[in-house]
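# Structural overview for review
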Amino acid sequence: LVRSHALGKALAETLGAHAVALMRGHGSVAVGSSIKQVVYRAIYAEVNAKLQLAANGLGEISFLNEEEAQLSSDMNDGQIPRSWNLWVTRLGHVDLGA
């Protein structure tokens, strides 16, 4: 939990150029260029963490390299509006223009 300038600075340094960080005892934090991107990243970070944990029990995991990760991130960013609209609809909100 960020309660001081020093903790905020430490979190910013931990994040660096990354989009998500785990916070001991407080879950995770996600950052992005828009609220839609942050929500997308926060939701899918949890989904992917659960998948990774399950896959770990099946054997060695082959992680994406830097180039693959960037291509994946770029592709995912194109899916944000689709996911956002689904989530907003599920919440019963009608203003999809925000």
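Before going into details, it helps to say that this report is about the structure given with it.

Quick notes on the rules
- Residues numbered from 1 in each chain as written.
- Predicted model: local features only at pLDDT ≥ 70, side-chain atom pairs only at ≥ 80, totals over all residues.
- Heavy atoms only, no water.
- Core = buried A, V, L, I, M, F, W, Y, C linked by side-chain atoms within 4.5 Å.
- Buried < 20%, exposed > 50% of the residue type's maximum accessible area, 1.4 Å probe, protein only.
- Helix = DSSP H or I, 4+ residues; strand = E, 2+ residues; numbered from the N terminus.
- Contact = heavy atoms within 4.5 Å.
- Phe/Tyr/Trp six-rings, centres within 6.5 Å; stacked < 30°, edge-to-face > 60°.
- Salt bridge = Lys/Arg side-chain N within 4 Å of Asp/Glu carboxyl O.

### A word on the nonpolar core
Leu11, Leu15, Ala21, Met23 and Val29 together form the largest nonpolar core, which totals five residues. Listing elements by their share of this core, those giving two or more residues are helix H1 (5–15) and strand S1 (20–23). In contact with Ala21, not counting residues within four places along its chain, are Thr14, Leu15, Gly27, Ser28 and Val29.

### Considering the packing of aromatic side chains
For the structure on display, the rule yields three aromatic pairs. Arranged with centres 4.8 Å apart and planes meeting at 45°, the rings of Tyr40 and Tyr44 form a pair that is tilted. With Tyr40 and Tyr44 both in helix H2 (residues 35–56) and four residues apart, this pair spans about one turn of that helix. Judged by relative accessible area, Tyr40 falls into the buried class, the value being 9%. Of the residues examined, Tyr44 reaches a relative accessible area of 31% and is grouped as partly exposed. When the centroid spacing of 6.1 Å and the interplanar angle of 40° are considered together, the rings of Tyr44 and Trp87 count as tilted.

### Concerning the pattern of salt bridges
The full count for this structure, using the stated rule, is two salt bridges. Between Lys9 and Glu13 there is a salt bridge; the shortest N-O distance is 4.0 Å. Remark: Glu13 and Lys9 occur in helix H1; sequence separation between them is four residues, near one turn of the helix. On the basis of relative accessibility, which here comes to 56%, the residue Glu13 falls in the exposed class. The partner of Lys50 in a salt bridge is Glu46, and the shortest N-O contact between them spans 3.1 Å. With Lys50 and Glu46 both in helix H2, this residue pair falls four residues apart, about one helical turn. Exposure remark for Lys50: the relative accessible area of 54% places this residue in the exposed category. Take Glu46: its relative accessible area is 49%, and that puts it in the partly exposed class.

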